[in-house]
Amino acid sequence: MSLTGTPRPAADAAVAVAVSGLSVRIASREILRGISAGFARGRVTAVIGPTGCGKTTLLRSLNRLNDQRPGMRVEGEILLEGQSVYGRGRDVRDLRRRIGMLFQRPNPFPQSIRENVALGARVHGLWRREEVDRRVEELLRRVGLWDAVHDRLGSSPFALSGGQQQLLCMARALAVDPQVLLLDEPTSALDPHSTARIEELIGSLRERITVVFVTHNLQQAARCADEVLFLLAGEVVEQAPVGDFFQRPADLRSRAYIEGKPV
Amino acid sequence: MSFFPAAQGTGRRAGPLPIGRPVPLRDADLTRRDRLARWGLLLAAAIPTAMLLLIAALMVAQSVPAFRYAGWGFFTGRVFSFGNLYVTKLQVQNGVPAPHGATYGAFTFIFGTLVSSVIALLVALPLAVGAVLALTERVPTRLQSTVSIFFELLAGIPSVVYGFWGILVLGPLLAAHLYPVLGRLGALVPFFRGSVGYGEGLLTASLILTLMIVPIIATTTRELVRGVPILAKEGALALGMTRYETARVVTLPYVRRGIWAAALLGWARALGETMAVLLVSGNLLNGLPANIFSPFSTMAATIVAMLDSALTDATGMAVHALAALGVVLLVITVATNLLGRLIIRRVAGGAVLPVGRGI
Ligand SMILES: Nc1ncnc2c1ncn2[C@@H]1O[C@H](COP(=O)(O)OP(=O)(O)OP(=O)(O)O)[C@@H](O)[C@H]1O
Ligand SMILES: [Mg+2]
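Bear in mind that the values here come from a model prediction, so they are computed numbers and not experimental data.

Visitor: Just to check I follow, could you spell out the overall build of chain A for this structure?
Guide: When its secondary structure is counted, chain A shows ten helices and ten strands. What you see for chain A is a C-alpha radius of gyration of 19 Å, in line with the 18 Å of a compact globule of 263 residues. Each of the three principal axes of chain A carries a C-alpha extent, and together these read 55 × 45 × 35 Å. Taken over 263 residues, chain A has a buried fraction of 56%. Split by element, the accessible area of chain A, about 11000 Å² in all, is 48% carbon and sulfur. Of the charged side chains in chain A, 36 are positive and 30 negative, and the gap between their average positions amounts to 4 Å.

Visitor: Just checking my understanding: could you explain the site of ligand 1 for this structure?
Guide: All names here are of chain A. Near ligand 1 lie 14 residues; those nearest to it are Thr-51, Lys-55, Thr-56, Thr-57 and His-216. For ligand 1, an oxygen atom lies 3.3 Å from a polar atom in the side chain of Glu-185. Considering ligand 1 on its own, with 630 Å² of exposed area, one finds that the protein chains cover 69% of that surface. Elements that contribute at least two residues to the shell around ligand 1 include exactly strand 2 (29-40) and helix 1 (55-62).

Visitor: In this structure, what is going on with the environment of Tyr254(B)? I would like to understand it.
Guide: Residue and element names in this part refer to chain B. Of note, Tyr-254 is situated in helix 8 (residues 243-272). With a relative accessible area of 6%, Tyr-254 lands in the buried category. For the pair formed by Tyr-254 and Ala-187, sequence separation is 67 residues and the distance between their alpha carbons is 40 Å.

Visitor: Explanation requested: the domain arrangement of chain B in the structure shown.
Guide: Interfaces are frequently sized by the accessible area removed from exposure as the parts join. Residues and elements named next belong to chain B. Domains assigned within chain B are domain 1 (28-103) and domain 2 (105-349). Once you take the C-alpha centre of each, domain 1 and domain 2 turn out to be 26 Å apart. Contacts between domain 1 and domain 2 engage 25 residues on the former and 29 residues on the latter. Note on domain 1 versus domain 2: buried area summed over both sides is about 2200 Å², and carbon and sulfur give 75% of it. Taken as a group, Arg-78, Phe-80 and Phe-82 account for 33% of the area that domain 1 buries against domain 2, more than any other trio of residues on that side. Taken together, the links from domain 1 to domain 2 amount to zero salt bridges. Counting the contacts that link domain 1 with domain 2 gives eight residue pairs in polar contact (both at pLDDT 80 or more). For the side of domain 1 that touches domain 2, the secondary-structure elements that each account for two or more residues are helix 1 (32-70), helix 2 (73-76) and strand 3 (96-99). Residue contributions to the side of domain 1 that touches domain 2 peak at nine residues, all from helix 1. Split by residue class, the side of domain 1 that touches domain 2 holds 18 nonpolar, six polar and one charged.

Visitor: What is the right way to read the pairing of strand 9 (residues 227-232) of chain A from this model?
Guide: Successive residues of a regular strand alternate their side chains across the two faces of the sheet. Residues and elements named next belong to chain A. Among the six residues in strand 9, five count as buried, and that is most of the element. In the sheet, strand 3 (residues 44-48) pairs with strand 9 via four bridges, with the strands oriented parallel. Looking across to strand 9, one finds that Val-47 is bridged to Leu-229. The pairing of strand 9 with strand 10 (residues 235-241) spans six bridges and is antiparallel. When the bridges of strand 10 are listed, Leu-231 appears paired with Val-236.

Visitor: I tried to follow the pattern of salt bridges on my own but got confused; where do I start?
Guide: Pairs can form between side chains of opposite charge whenever their charged atoms are close. All names here are of chain A. Inspection of the entire model under this criterion finds 27 salt bridges over all chains. With a shortest N-O distance of 3.4 Å, Asp-133 and Arg-129 are connected by a salt bridge. With Asp-133 and Arg-129 both in helix 4 (residues 129-142) and four residues apart, the pair spans about one turn of that helix. Connected through shared salt-bridge partners, Arg-114, Glu-115, Arg-122, Arg-129 and Asp-133 make up one network.

Visitor: Is there a simple way to think about the nonpolar core in this case?
Guide: Nonpolar side chains tend to gather and get buried jointly when the protein is soluble and globular. Membership of the largest hydrophobic core comes to 85 residues, with the highest contact counts inside it found for Phe80(B) and Tyr104(B). The residues that make up this core include at least three from each of domain 1 (28-103) and domain 2 (105-349) of chain B. Once residues within four sequence positions are removed from consideration, Phe80(B) is found in contact with Thr103(B), Tyr104(B), Gly105(B), Ala106(B), Phe109(B), Asn286(B), Met306(B), Ala321(B), Leu322(B) and Leu325(B). Listed in part, the 47 residues of the second largest apolar core include Ala46(A), Val117(A), Leu145(A) and Leu201(A).

Visitor: Honestly, the packing of helix 7 (residues 230-238) of chain B against helix 8 of chain B in this entry has me stumped. Any pointers?
Guide: Axes are the key here: two packed helices are described by the angle between their axes and the distance separating the axes. All names here are of chain B. Between helix 7 and helix 8, whose axes approach to 9 Å, the crossing angle comes to 165°. Judged by the angle between their axes, helix 7 and helix 8 are roughly antiparallel. Helix 8 is crossed by helix 7, and the crossing has right-handed handedness. Residue-level inspection shows Ala-232, Lys-233, Ala-236 and Leu-237 of helix 7 in contact with helix 8, the latter providing Thr-246, Val-250, Thr-251 and Tyr-254. Counted by class, the contact of helix 7 with helix 8 contains five nonpolar, two polar and one charged residues.

Visitor: Looking at this structure, I do not really get the interface of chain A and chain B. What am I missing?
Guide: Taken together, the contact pairs 35 residues of chain A with 27 residues of chain B. Regarding the contact of chain A and chain B, the summed buried area is about 2500 Å², with carbon and sulfur atoms giving 63% of it. Taken as a group, Phe109(A), Pro110(A) and Phe158(A) account for 26% of the area that chain A buries against chain B, more than any other trio of residues on that side. Its salt-bridge partner being Arg60(A), residue Glu234(B) comes within 2.8 Å of it at the nearest N-O pair. There are six residue pairs in polar contact (both at pLDDT 80 or more) connecting chain A and chain B. Among the elements of the structure, helix 2 (92-98), strand 6 (99-102), helix 3 (113-123) and helix 6 (162-175) of chain A are those that each provide at least two residues to the side of chain A that touches chain B. The biggest single contributor to the side of chain A that touches chain B is helix 6 of chain A, with four residues. Tallied by class, the residues present in the side of chain A that touches chain B amount to 16 nonpolar, twelve polar and seven charged.

What counts and how
Residues numbered from 1 in each chain as written. Chains lettered and ligands numbered in written order. Predicted model: local features only at pLDDT ≥ 70, side-chain atom pairs only at ≥ 80, totals over all residues. Heavy atoms only, no water. Helix = DSSP H or I, 4+ residues; strand = E, 2+ residues; numbered from the N terminus. Rg over C-alpha atoms; globule rule 2.2 N^0.38 Å. Buried < 20%, exposed > 50% of the residue type's maximum accessible area, 1.4 Å probe, protein only. Areas by Shrake-Rupley, 256 points an atom, 1.4 Å probe, with all protein chains shown as cover. Lys, Arg positive; Asp, Glu negative; His and termini not counted. Charge placed at Lys NZ, Arg CZ, Asp CG, Glu CD. Near = heavy atom within 4 Å. Polar contact = N/O pair within 3.5 Å; in protein donor to acceptor, adjacent residues only side chain to side chain. Domains from an automatic or database assignment. Contact = heavy atoms within 4.5 Å. Buried area = accessible area lost by both parts, 1.4 Å probe. Salt bridge = Lys/Arg side-chain N within 4 Å of Asp/Glu carboxyl O. Nonpolar A, V, L, I, M, F, W, Y, C, P; charged D, E, K, R; others polar. Pairing = 2+ DSSP bridges. Core = buried A, V, L, I, M, F, W, Y, C linked by side-chain atoms within 4.5 Å. Axes fitted to C-alpha atoms, helices over the stretch in contact; angles between N-to-C directions. Parallel < 35°, antiparallel > 145°, perpendicular 65-115°, else oblique. Left-handed = near helix turned anticlockwise from the far one by under 90°.

Put into structure tokens, the structure is as follows:
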């Protein structure tokens, strides 16, 4: 893991996360090539692009989860609220508490349903049992899981359906009260009902949390997002407000992608 | 209660089959080759079973006179003596003749076997699991396989070498430096009170056993830990948890049941270990160890130590008595094994989980 070359991104008051000149390499392969983008505070940005274009890698660079991957080199600059994410002396744990993440597939902890959410609450500094309980209930209600699980909070989350598990992970991610929420195709394994539930939640988070949200579903992007970031082969093709992107794409490749033609 | 997700099935047949149970085969579904293979496999499975039963039966047959002679005293008596083998005077007890003065009380050895192996297990389990977590979380991936080769080498060292090293090096070292410190615990725990000895005894044997079973537990645990889905661990890291918290919240719960099984393997090894224990035990025949540092003996060690003189007993009773020790050891080993399996099943909580969810 190393970081060199730091062009300063323009400090924009409305931007919560600013990425500039971000390159990610593994061995000699360049997965991301000099990406620059901004994620507006309190807005939902959909990251789209064909498979393998680097969407997940971009997301994982934002909360430094790529640090786990041996041999991965990250260059460029990412600012969270003006502070360098990869800066020297940056507390990675603190960073990750500010940036929640939901993965492509649900990954509940092998703990009770209650504990899955309570762990997040405790990470956020709640310790008294009643406080934690109240917070767990509040979060489970917020993701719409309370009615389904309130009578089995002590049992295993693996007995829940995939959609319910993903909602549980959502509650867990929200428990730390993040400033930014990263969603990596959160609904790709879910039924329409759970998908609608997650989309509703994304909508309800608007204004409060900055959401960066990877999806292959263009309708979903159009429904949920304020902005669209279109990646192709590790490069940014276009970043634009959602209406502009779908109605007046600035780039021919964007148009082709929207129309389902080869890009 | 366990939150351990069920193992991934092969998923070849659709439909709600009971998980973890083989697909039932109907005879009509089988070809002639299948049937031949089935008989072959049955035979292959029957041979080890038959061998175990045969060994057990022969041991039991050998031991019966000793059990009849000693009665319940075999399990409760603390004196184990072949009697006077040079005088032809016999002593009849419960209708069974034995050399004059023969007493077969095995309580001391049963105690020694159980206590030394349990101490070894209690020390080895946290050590092995801790070592594995340190290895998988702290050591760079490139070095991990090199380090684990040493674990496997450690597991392959002949036990007589462990025993020899224990009596020459480790025992004296511990008696000089560690035991005096532990001896101060005597103020709280009676079993630590008294002389710390010279390094031959219960604790030294237990620690040698610890060294022998740590690699067994660690190797199994390492495989289990490597099998924990990365997605689950990253979920914890993404929440801002430390590696330590991740291990506690995700890794250990995932491997808990497997660790129980690994611990049982280690325990079984410690129960039956003979040579290393014999060398460092101090070989106390009659009476319980005065404290955790003093000499003692186990069933396995006693069988080896006394077989030579037992063969000189013209009545054959001495050999019967050692065979009886062997039977008790066999029963204890099988019983702990079964008990362990029961615990594992209990821990599993009978909760059959849907295949492939959330992993
Ligand atoms: N650890 C790794 N080692 C080698 N190559 C990797 C690694 N991680 C990602 N890549 C490569 O980087 C490229 C981008 O991967 P990434 O997962 O970011 O794509 P993606 O846009 O999320 O794709 P998808 O839509 O299929 O999820 C892929 O070509 C992938 O093969
Ligand atoms: Mg992806």
